[in-house]
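Analysis of the macromolecular model
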Amino acid sequence: MTHQLQRLLHTTTNPVADYQTGPQRQLLAPAVHTGVAPIKTLASGIVRMPGFHHALPHMHARSEITIFVAHGLVASLVGDELEHLFIHSPHSIMTIGAGVPHVGVNLSAEVATVFEARTDPAFNEDVERVPRLDTLAVARVAQAQNDFRNGAFKERLQSASWSSAVWTVDDN
């Protein structure tokens, strides 16, 4: 292998070995990031959510994230008042822009596993908690989990569809 290729190629054979709890109360296993490779703009890792767990309200101040649901049924509460609810089943992909408040929610008792890629080269360095949404998050999470238990999302989860939502953040 050439020296040039060695600088550009990095593999991780067991990225789920060391989960750590981030400030957003998620179990994170960073895989490729500045700590292990010469990353300049993109890092990746695995997030595990125990049954019925939810993250604390947070945003990624400077980075965009793309989330791929590998296992489980999860929801995202998104927006300045966590007013928008998106449901994700396995193989769902979602992107959240920089500065957008959100909360990840495990809707069921089974562990959910998602793969995340972030434009934060350190993987979790630019996370900022949004504590003003803590009380609201608890209520919205409880409602989403209750709605799921009562079958409110059954139709959405059974039909494959593509949807798109665009979020902008007012810098003022």
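Note that the structure is predicted; figures quoted are calculated from it, not measured.

1. Brief notes about the environment of S92
Residue placement: S92 occurs in the loop between β7 (84-88) and β8 (93-96). S92 sits in the buried class, given a relative accessible area of 19%. Residues S92 and F68, 24 residues apart in the sequence, show an inter-C-alpha distance of 5.8 Å. Aside from chain neighbours lying at most four places away, what touches S92 is I67, F68 and V69.

2. Observations regarding the pattern of salt bridges
Across all of its chains, the model carries three salt bridges by this definition. A salt bridge links E81 to R132, with the shortest nitrogen-to-oxygen separation between them at 3.6 Å. Here R132 lies in the loop between β11 (127-129) and α2 (134-149) and E81 lies in the loop between β6 (74-78) and β7, a separation of 51 residues in the sequence. Given a relative accessible area of 40%, E81 falls into the partly exposed group. Residue R129 pairs with D134 through a salt bridge whose shortest N-O separation is 2.8 Å.

3. A word on the environment of E116
Along the chain, E116 falls in strand β10 (residues 112-118). Residue classification places E116 among the buried positions, given a relative accessible area of 7%. At a separation of 2.5 Å, a polar atom in the side chain of E116 contacts the side chain of R118.

4. Remarks on unusual backbone geometry
Not every positive phi belongs to a glycine, and F52 is a case in point at roughly 60 degrees. Mapping F52 onto the fold places it in the loop between β3 (43-49) and β4 (58-60). Phi angles above zero are rare outside glycine, and H91 is one such case at about 80 degrees. Mapped onto the fold, H91 is located in the loop between β7 and β8.

5. A look at the side chain of R118
One can find R118 in strand β10. For R118, a relative accessible area of 1% translates into the label buried.

6. So, the nonpolar core
Of all hydrophobic cores here, the largest spans 14 residues; its most connected members are L77, L82, V103, V105 and L107. Within the residue set of this core, elements represented by two or more residues are β6, β9 (102-106) and α2. For this core, the element with the most residues is α2, which contributes three residues. Listed in part, the twelve residues of the second largest apolar core include I65, V69, V74 and V100.

7. Some points on the pairing of β8
Residues M94 and I96 point to one face of β8 and are all buried, whereas I93 and T95, pointing to the other face, are not buried. Where strand β5 (residues 65-71) lies against β8, four bridges are found, and the strand directions are antiparallel. Opposite F68, over in β8, you have I93 as the bridge partner.

What counts as what
- Residues numbered from 1 in each chain as written.
- Predicted model: local features only at pLDDT ≥ 70, side-chain atom pairs only at ≥ 80, totals over all residues.
- Heavy atoms only, no water.
- Helix = DSSP H or I, 4+ residues; strand = E, 2+ residues; numbered from the N terminus.
- Buried < 20%, exposed > 50% of the residue type's maximum accessible area, 1.4 Å probe, protein only.
- Contact = heavy atoms within 4.5 Å.
- Salt bridge = Lys/Arg side-chain N within 4 Å of Asp/Glu carboxyl O.
- Polar contact = N/O pair within 3.5 Å; in protein donor to acceptor, adjacent residues only side chain to side chain.
- Core = buried A, V, L, I, M, F, W, Y, C linked by side-chain atoms within 4.5 Å.
- Pairing = 2+ DSSP bridges.

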